[in-house]
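Results of the structural survey
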Protein chains: 2
Amino acid sequence: MQFNALTPELVSAFEHILSSAHVLLPQHTEADQYEAYGRDHTEDFHFPPDVVLRPGTTEEVSAIMRLCHEHRVPVTARGAGTGLSGAALPIHKGVLLSMERFNKILKIDEQNLQATVEPGVVTEVFQNAVKEVGLFYPPDPASKGSCFLGGNLSQSSGGPKAVKYGTTRDYVLNLQVVLPNGDVIWTGANTLKYATGYNLTQLMVGSEGTLGIITRVVFRLLPYPQHNVLMLVPFRQEAEAAQAVSAVFRAGIIPSGMEFMEREAIAWSSDYLKIPLTLPEDITAHLLIELDGQDLEQLYKEAEQVYGVLEHYDVGEILLADTAGQKDDLWRIRRNIGNSVRYNSVYKEEDTVVPRAELPTLLKGVKEIGRRYGFKSVCYGHAGDGNLHVNIIRGELSDEQWNVGLREPISEIFELCVKLGGTISGEHGIGLVQKPYLHIALKEANLNLMRGIKQVFDPHGILNPGKIF
Amino acid sequence: MQFNALTPELVSAFEHILSSAHVLLPQHTEADQYEAYGRDHTEDFHFPPDVVLRPGTTEEVSAIMRLCHEHRVPVTARGAGTGLSGAALPIHKGVLLSMERFNKILKIDEQNLQATVEPGVVTEVFQNAVKEVGLFYPPDPASKGSCFLGGNLSQSSGGPKAVKYGTTRDYVLNLQVVLPNGDVIWTGANTLKYATGYNLTQLMVGSEGTLGIITRVVFRLLPYPQHNVLMLVPFRQEAEAAQAVSAVFRAGIIPSGMEFMEREAIAWSSDYLKIPLTLPEDITAHLLIELDGQDLEQLYKEAEQVYGVLEHYDVGEILLADTAGQKDDLWRIRRNIGNSVRYNSVYKEEDTVVPRAELPTLLKGVKEIGRRYGFKSVCYGHAGDGNLHVNIIRGELSDEQWNVGLREPISEIFELCVKLGGTISGEHGIGLVQKPYLHIALKEANLNLMRGIKQVFDPHGILNPGKIF
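All of these numbers come straight from a predicted model, not from anything done at the bench.

What follows is about the sheet that holds strand E14 (residues 285–293) of chain B. Residue and element names in this part refer to chain B. The antiparallel open sheet is built from seven strands, whose spatial order is E15-E12-E14-E13-E17-E18-E16. Each edge of the open sheet is held by one strand with a lone partner, namely strand E15 (319–321) and strand E16 (347–353). Along the sheet, successive strands turn relative to each other by an average axial angle of 15°, direction set aside. Judged from the three bridges that link them, strand E13 (residues 257–262) and strand E17 (residues 376–382) form a sheet pairing that is antiparallel. Following the sheet pairing, Met-261 is matched in E17 by Tyr-380. Most of the contacts of helix H8 (residues 238–250) go to E13, to which it runs at about 175°, and overall it touches strand E12 (227–235), E13 and E14.

Right, here's the structure in full:
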């Protein structure tokens, strides 16, 4: 694709659409502020755009897209910049479209258990708002305190509760989307069932900002589960922790969280947060298991069943969290593993996913590959979904080893995932950093279909160019 | 699109790929058998194909598609022919691809709670097979005793349990698909989470056989709910029955079934099945409410909460089904409404869907439109999903009234749906009969995207031509 550079005339046109306060040029913006728009949470990349635009309405987005479409200027939409695949980085420069001003919860419909929101609302802010009226929005990526719903939609984000409740995808009913040529559509209807032509809603989710700009979302909601039980189960053998996961489901129980943490993952995070945690020397991994529902008695019954399953494994003393504070601490430890790893070292995070019973094989394979190529990894993730985050620690690796030498072992890890019936990303997306590996998961025929779909939506290829494929 | 007629050379080529036993030509096939391939359950249409092919393997489907692609011959895939939108009718003649020999359950994976099946397996056969090992496949269209899983996928079918468990769409992990040019792909991975490029799996579901031929399916499964409670609630006012639906959800309860039946729907069906049912004269509608779970005590608690909600409405005596036989009878009555209507009269079934709290308004609107245009309708459906099946009874209507005169009132019904935030099909699809109304639900920009996607998958337009748009 040939793109055009930003011209002063275009900048004036943007200032006419928005106001100059929302058209940020590098020469007129504080360096730190501007630099932040060129970064996300992926490794240590920095790609500054030519201009940052901060629209506040669908009409403004439409007018901007129309201009960029006409002038062949790249547009990269950005949520909160917490992504882990580099999907929001404007690698071809042009316009960075920051959605930060789309931060309104427009309607919480208590009759229909639905909400209409803008995509720049922080996930946790939305969760708390619906909780206040007894409703529940389950998707909870680790970054829920800062990430935007729009980013969650673009990457099809999950989180711990996905094992019982599904991912962001499962809560979207309808999307308002500005197409690259400026046309505005709604992708579906505000209904729980939909069989009215191709499902454009589900096509948009996970398309990483390459097909259109989401400007409004209708989510479905659930009644808020009033109670939960949380237990931390230490295992003496990592493989057994992974095996126990399937056994719990096989016993007819669907936990609302089933998280796996290697010893180092939990140790680094509790250190990072300064939350004291006793870790006997023989413990190599933990499962964090949550059950939720409307009836506490019922949850205790289920917890007993879980204990029954765990009896068959070599586990240490199970910690049943019995105060809200204790529960909160355990979840904070789990959610901050990524931050604690980042605090310790630059790292690459691979978002591997396999059918859950294949987790022990995947884990063993990752460690074996690491030994063979000489790198250290810290593994943790959503064991109930078979979604294992493999954090490869830079440590003392040279630039050459880090930038080039890891390609082969990462390919081997992904090949193993695919061999086990899995794929190369469960919830982070492909973006920039997984792009070189996409051919491992998908055949050329699949990629050609995707390229064709991209061409239908975005004939000039201006939306988030250079991502996915 | 220009299509070519079937030639004797092509027929020989098909006989070479399959065997002559599975290449059915009208002149060599019993008339009744051949005619059945040109019909489905939609009104009284009949569109005979030029030839019926019955492949048994993916390779055979691929070879057939390659030939038809090259020779520009239309191909219409067919499951069990229970569809209600005419999607499986070969209106442009050519090849009817019957998937009846794809009837094998290939694997039930008890560790991962997954199953791999061929698309010609009858839905209920699959449900029973997984139930035998304690697992649950929830989607249950009314025709579950005869419809195929492949048809359910094509139309994104739902059924009563969708209100708690979602539709067919929500249980598909991965699809093997033969593309129009004969290429074979898998659309995704066998994992619960997937963020690896555009979601081709969800694009295929509901695409009504216009994008590719599904030859293998990986479904996710749940632990089988061991218990259920079923109650039949008679209402003296239809509108209150519709209102009570939202109130139950608002009380924090998610029933596994929440079905609405007008007086006549339940009366016709119980007559048709010869199941005696007392219907006091002042009763105008019923809700059939099912709760399910692993713990019976817990279900009785929830049932009491439902009773608590219903106290606020003008209901008759609630029937709590207390034997398996009684439950079975009630569900048979519900499932056979369609058959009983068909037994009484030719009818058109509109698959309207709105946000559930809008159901009273929709129902009132449908009746008002019927009075104004002089037709009778029998309404029933999945109230928990806001999915109301409006059966327009032919009765004494003339050909002119039936074929032309109903277009305007049907348009009005669909316009009302869209105005209420809903759409024109919840679970039956667009196919042939809803096609003239699609513009009511979708803008030209949406339709253009869909046409573009169709072109990417099927550049010669040979797959199920003339459907959806």
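Read on, since the account is not over.
As a packed pair, helix H17 (residues 444–457) of chain A and helix H17 (residues 444–457) of chain B sit with axes 9 Å apart at the nearest point and diverge in direction by 150°. With respect to H17 of chain B, the axis of H17 of chain A lies roughly antiparallel. Viewed along their axes, H17 of chain A and H17 of chain B form a crossing whose handedness is right-handed. Along its contact with H17 of chain A, which presents Leu-449, Gly-452, Ile-453, Val-456 and Phe-457 of chain A, the element H17 of chain B presents Leu-449, Gly-452, Ile-453, Val-456 and Phe-457 of chain B. Residue composition of the contact of H17 of chain A with H17 of chain B, by class: eight nonpolar, two polar and no charged.

Let's shift gears to the nonpolar core. If you look at the biggest cluster of nonpolar residues, it comprises 182 residues, and the most contacted ones within it are Leu-287 of chain A together with Leu-287 of chain B. Each residue touching Leu-287 of chain B, except ones within four places of it in the same chain, is listed here: Met-231, Leu-232, Val-233, Phe-235, Ala-241, Ala-244, Val-245, Met-258, Glu-259, Phe-260 and Ala-383 of chain B.

Summing up the model confidence of chain A, the mean pLDDT is 96 and the portion of residues at 70 or higher is 100%. As scored by the predictor, the complex reaches a pTM of 0.97 and an ipTM of 0.96.

Put simply, an interface is often sized by how much accessible area is lost when its parts join up. Across the contact, 86 residues belong to chain B and 86 residues belong to chain A. A per-residue breakdown of the area chain B buries against chain A is headed by Lys-193, Tyr-198 and Arg-250 of chain B, which together make up 15% of the total. Where chain B packs against chain A, one counts eight salt bridges. Asp-295 of chain B is the salt-bridge partner of Lys-301 of chain A, the closest N and O atoms lying 2.8 Å from each other.

Bringing the relation of the copies chain B and chain A into the picture now. Each of the two chain copies goes to the other by way of a rotation about an axis and a shift along it. The two copies are related by a screw motion: chain B maps onto chain A through a turn of 180° and a shift of 0.0 Å along the axis, at an RMSD of 0.0 Å. Such a combination of rotation and displacement between the chain copies is what one expects of a two-fold axis. The overlap is high: 100% of the interface residues of chain B also sit at the interface in chain A, so the same surface is used on both sides.

Conventions and cut-offs
- Residues numbered from 1 in each chain as written.
- Chains lettered and ligands numbered in written order.
- Predicted model: local features only at pLDDT ≥ 70, side-chain atom pairs only at ≥ 80, totals over all residues.
- Heavy atoms only, no water.
- Pairing = 2+ DSSP bridges.
- Helix = DSSP H or I, 4+ residues; strand = E, 2+ residues; numbered from the N terminus.
- Axes fitted to C-alpha atoms, helices over the stretch in contact; angles between N-to-C directions.
- Contact = heavy atoms within 4.5 Å.
- Parallel < 35°, antiparallel > 145°, perpendicular 65-115°, else oblique.
- Left-handed = near helix turned anticlockwise from the far one by under 90°.
- Nonpolar A, V, L, I, M, F, W, Y, C, P; charged D, E, K, R; others polar.
- Core = buried A, V, L, I, M, F, W, Y, C linked by side-chain atoms within 4.5 Å.
- Buried < 20%, exposed > 50% of the residue type's maximum accessible area, 1.4 Å probe, protein only.
- pLDDT = per-residue confidence, 0-100.
- Buried area = accessible area lost by both parts, 1.4 Å probe.
- Salt bridge = Lys/Arg side-chain N within 4 Å of Asp/Glu carboxyl O.
- Least-squares fit on C-alpha atoms with pLDDT ≥ 70 in both.

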